[in-house]
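Structural characterization, general
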Amino acid sequence: MNSDESRARIEKLRAVIAHHDELYYRRAQPEITDVEYDRLKRALAETEAEFPELALSGNESPTARVGDDRTEGFVTYRHRERMMSLDNTYSEMELREFYVRVGKLLGREELAFVVEPKIDGLAVSITYEHGTLTRAVTRGNGIEGDDITANARTITSLPHKLKVADGHAAPALIEIRGEIFMTTAEFQRINKLREEAAEPLYANPRNLAAGTIKQLDPREVAQRKLEIVLYGLGACEPPAALPATQRGWHEQVRAWGLPTVEKYWGAKSADEIWAAVRELDRTRAQFAYATDGAVVKLDSIPLQREAGATSKAPRWAMSYKFAPERAETRLNAITIQVGRTGVLTPVAELEPVHLAGSTVSRATLHNRDEIARKDIRTGDFVYVEKAGEIIPAVVAVNTARRAPECVPYVFPEKCPVCGTGVVQAEGEVALRCPNYECPVQVRRRVRHFASKACVDIDGLGEAMVDAVVGKGWVRSVADVYRLRKDDLMTLGKSVEKSTDNLLAAIEKSKTAELWRFIHGLGITHAGASASKDLAQKFRSLDALAESKFEDYIVDKKTVIEGIGETMALAIIEHFNDPRNRALVGELQSLGVRPAPPPERAAATSALFAGKTFVLTGTLPSMTREAATEKIEAAGGKVSNSVSKKTSYVLAGAEAGSKLAKAGALGVPVIDEAEFVKMLAG
Ligand code: IVH
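Reference entry: report on the structure contained in this document. All values reported here derive from a predicted model rather than from experimental measurement. (Residues numbered from 1 in each chain as written. Predicted model: local features only at pLDDT ≥ 70, side-chain atom pairs only at ≥ 80, totals over all residues. Heavy atoms only, no water.)

A separate point is the nonpolar core. Counting 46 residues, the largest nonpolar core has Ile457, Tyr481 and Leu544 as its most contacted members. The set of elements that each furnish at least two residues to this core consists of helix H12 (439-450), helix H13 (462-470), helix H15 (496-509), helix H16 (514-520), helix H17 (528-538), helix H18 (541-545), helix H19 (565-576) and helix H20 (578-589). If near-sequence neighbours (up to four positions away) are discounted, Ile457 is found in contact with Phe449, Ala450, Val480, Tyr481, Leu502, Ala505, Ile506 and Ser509. Judged by nonpolar contacts, the second largest core, of 34 residues, contains Leu158, Ala170, Leu230 and Trp249. (Core = buried A, V, L, I, M, F, W, Y, C linked by side-chain atoms within 4.5 Å. Buried < 20%, exposed > 50% of the residue type's maximum accessible area, 1.4 Å probe, protein only. Helix = DSSP H or I, 4+ residues; strand = E, 2+ residues; numbered from the N terminus. Contact = heavy atoms within 4.5 Å.)

Relative to the helices and strands, Leu607 is located in the loop between H20 and strand E19 (612-616). In the structure, Leu607 is positioned 11 residues away from Pro596 in sequence and 29 Å away in space, judged by C-alpha atoms.

Our focus in this paragraph is helix H9 (residues 270-283). Taking 1.5 Å as the rise per residue, H9 with 14 residues should run 20 Å; its terminal C-alpha atoms sit 20 Å apart, in good agreement. Where H9 is buried, its residues touch helix H3 (92-106), strand E3 (113-119), strand E9 (265-267), strand E10 (291-298) and strand E11 (317-321). (Expected span 1.5 Å × (residues − 1).)

The subject of this paragraph is H3. Taking 1.5 Å of rise per residue, 15 residues should cover 21 Å, and H3 covers 22 Å from first to last C-alpha, within 8% of that figure. Here H3 has its buried residues at Leu95, Phe98, Tyr99, Val102, Gly103 and Leu106. The arc that holds every buried residue of H3, seen down its axis, measures 130 degrees, which confines them to one face. Of the residues in H3, the exposed ones pointing more than 90 degrees away from the buried face are Met93 and Lys104. At its buried positions, H3 is contacted by strand E2 (88-89), E3, H9, E10, helix H10 (301-307) and E11. Where H3 begins, the side chain of Ser91 points an oxygen toward the backbone nitrogen of Met93, at a separation of 3.2 Å. Backbone geometry just after H3 places Gly107 at a positive phi near 65 degrees. (Arc of directions from axis to C-beta. Polar contact = N/O pair within 3.5 Å; in protein donor to acceptor, adjacent residues only side chain to side chain.)

This structure, assessed with the given rule, holds 40 salt bridges. Ionic pairing is found between Glu349 and Arg362, a salt bridge with its closest N-O pair at 2.9 Å. With Glu349 in strand E13 (residues 344-355) and Arg362 in strand E14 (residues 358-364), this residue pair connects regions lying 13 residues apart in the sequence. By relative accessible area, Arg362 is classed as partly exposed at 41%. The partner of Asp375 in a salt bridge is Arg377, and the shortest N-O contact between them spans 3.0 Å. On the accessibility criterion, Asp375 (27% relative accessible area) is partly exposed. Since its relative accessible area comes to 14%, Arg377 is described here as buried. (Salt bridge = Lys/Arg side-chain N within 4 Å of Asp/Glu carboxyl O.)

Going through the model one piece at a time under the given rule, you end up with zero disulfides. Left unpaired, Cys418 is separated from the closest cysteine sulfur, that of Cys433, by 3.6 Å. A relative accessible area of 28% means that Cys418 is categorised as partly exposed. (Disulfide = S-S within 2.5 Å.)

This brings us to the packing of H3 against H9. Interaxial distance between H3 and H9 falls to 9 Å at its minimum, and their mutual angle equals 135 degrees. Between H3 and H9, the angle falls in the class oblique. By crossing handedness, the relation of H3 to H9 is classed as right-handed. On H9, the residues touching Glu92, Leu95, Arg96 and Tyr99 of H3 are Ala270, Asp271, Ile273, Trp274 and Val277. (Axes fitted to C-alpha atoms, helices over the stretch in contact; angles between N-to-C directions. Parallel < 35°, antiparallel > 145°, perpendicular 65-115°, else oblique. Left-handed = near helix turned anticlockwise from the far one by under 90°.)

What follows concerns the site of the ligand. Residues in contact with the ligand amount to 13 residues; listed here are only the nearest, Glu116, Lys118, Arg139, Glu179 and Lys297. One nitrogen or oxygen atom from the side chain of Arg139 is found 3.0 Å from an oxygen atom belonging to the ligand. In this structure, Lys297 approaches the ligand through a side-chain N or O atom, which is 2.9 Å from a nitrogen atom. Isolated, the ligand exposes 520 Å² of accessible area, and the fraction of that covered by the protein chains is 88%. Looking at the shell around the ligand, the elements that each hand over two or more residues are E3 and E10. When residues in the shell around the ligand are grouped by element, the largest group, four residues, is from E3. Of the residues belonging to the shell around the ligand, the class tally is eight nonpolar, no polar and five charged. (Near = heavy atom within 4 Å. Areas by Shrake-Rupley, 256 points an atom, 1.4 Å probe, with all protein chains shown as cover. Nonpolar A, V, L, I, M, F, W, Y, C, P; charged D, E, K, R; others polar.)

A separate point is the packing of helix H1 (residues 3-26) against helix H2 (residues 34-50). The contact between H1 and H2 brings their axes to 10 Å, and the two run at 145 degrees. Here H1 and H2 pass one another in a crossing that is left-handed. For the pair formed by H1 and H2, the contact residues are Ser6, Arg9, Ile10, Leu13, Arg14, Val16, Ile17, His20, Asp21, Tyr24 and Tyr25 on the first element and Asp34, Tyr37, Leu40, Lys41, Ala43, Leu44, Thr47 and Glu48 on the second. Among the residues forming the contact of H1 with H2, the class breakdown is 10 nonpolar, three polar and six charged.

All right, on to the packing of aromatic side chains then. Applying the stated criterion across every chain yields a total of 16 aromatic pairs. With 4.9 Å between their ring centres and 80 degrees between their planes, Tyr24 and Tyr25 make a pair best called edge-to-face. The same class applies to Tyr24 as to Tyr25, namely buried. One aromatic cluster is present, formed by Phe608, Phe613, Tyr648 and Phe675 through successive ring pairs. (Phe/Tyr/Trp six-rings, centres within 6.5 Å; stacked < 30°, edge-to-face > 60°.)

In this structure, Pro238 follows Glu237 across a cis peptide bond, with omega equal to -15 degrees. Among the secondary structure elements, Pro238 is positioned in the loop between strand E8 (227-237) and helix H8 (246-255). Its identity is not glycine, yet His130 carries a phi of approximately 50 degrees, on the positive side. Assignment of secondary structure puts His130 in the loop between strand E4 (122-129) and strand E5 (132-138). Its relative accessible area of 62% is what places His130 among the exposed residues. The backbone phi angle of Asp456 is positive, close to 60 degrees, even though this residue is not glycine. Among the structural elements, Asp456 can be located in the loop between H12 and H13.

These figures capture arrangement, not role.
Structure follows, in structure tokens:
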């Protein structure tokens, strides 16, 4: 490779990795497996090492920084001590080299290590101040992350107070690092509900856990059971007498009542490390959660400090990742699935093959670009992998076995169902069928609308929806309310009773709760919980359909509770489509009368009505969430930043820049005692 070629290769790899970082860390929807991702990163690191003059300085290359999970809608928070990533390998030899390297670095022959399971979740830093949980923050870019405290508080296994034995005070402030994850059982429970609501399934527990913790509404988070394991130390202020070994640290964490890794091994040689890794691999299937590897850490904490770190990972630790199970099989065909919004998803129809405990005959191919990137062709022999993923993926083609007659796959230009020409929206990878009346789209919209999670029409399950759409009786959600007994009776002989039941269920659904209708409309991003907030705020389908962006804004920054900016825009766009808008009127003329939710208590205090509060620092007896709730219940609002419009700054211990800003702007500052007095009127 000459220097121009390598420059091009480096740039291409960086762009591809940046794309996958965005999908994995920010959207929790990766398109490639971890192994493929690690391969890309390794290829980049190798090319950069070969051409150091091309490797950019600082942290511009993804090889020199940690993935960034920060997302819109969260307040960022700076870690007191950086959060790092781990170097990883799939090779036994490299793991052994790591042992030798650390020995050389520290000038010692024998070193004690600890081998821990690597939990496949997302990294988090939990702060306890004087033994009370005050903050949970994602890794972010390692320097600052998203403040997910309210969401983390819904994790029942995470204590809000540290257990401290008599005579031992908890440190004034301590950051404890760990991993938030979801058990396989909980993952399966949620996917089952998704299946019933005719919604697309989540690919694996890690993505679902990451997506859940980034929900804007803690109530939504509480409905999905997340778990946590703590294994590391961040900052401790003032420096306290903490254990001097990693093992000791595990015991300390456990003594505070925090969940720790369920098993770990001590190892004093490369052989012992390898034996521990093998044993972990043999036993990990029994764990309640997905374990994608082993983390090998130097046991002595003073020696960890001596070994130090590179720009993104400690030199004293390494992760060994278990290779996912992989099978080779023939790709018999590529079929196209059309979703509720018309998106065309290519699916691999495989010669059935046994993989990680089940038989695989289909796998998603994501989109046109992915097929082209991997050059997947019908008739090819392909490798299928299932790592943490429950849904298998086609990772590569065995080109050595490619038959000469295999030609590149041509993505259809027409919808395979209705023949309409497909379109690609700007900035999107997906291709869509733009025909709103495409029978698949209609079927999926109606299935979603009638599902338990929405309007819940008993008797209008998948088969029935297919039948009534197939007959042409139902071409829109509104047509459900136009179904006629005479027609339904022609569907079979002994259907009189079930027809009556179905018609009664349809009739009953006309007065279902408003949020069920909102959810049933299938607006992008509007799940059940958001639909409840929307129902509370707008109180009728008409009002929602007429809403403008201003209606969603509470103060300059925040959008109404539970609804983010993205969702507000999606709602407006949804009703910009005259067909979606017309549906609302049609439903009403067919007798649909959604029941609005009961009014939430009106503002109770004149001292709070219309006032904006900013909270800062730690209050002596109240969490921020509790204070926020009280302010809102009394008719006030809470905002994140201090401005001239702020009515009060409610300040606790260690209040920072917000307090200074309040002083500068002349905004009144109150403490908890005054606040409590105000509440009492
Ligand atoms: S230690 C400075 N221990 O894996 C060392 N990490 O690929 C920081 N992880 O960012 C990490 N299980 O999110 C450590 N037992 C374990 C772990 C673990 C899972 C995650 C963690 C880290 C990532 C690196």
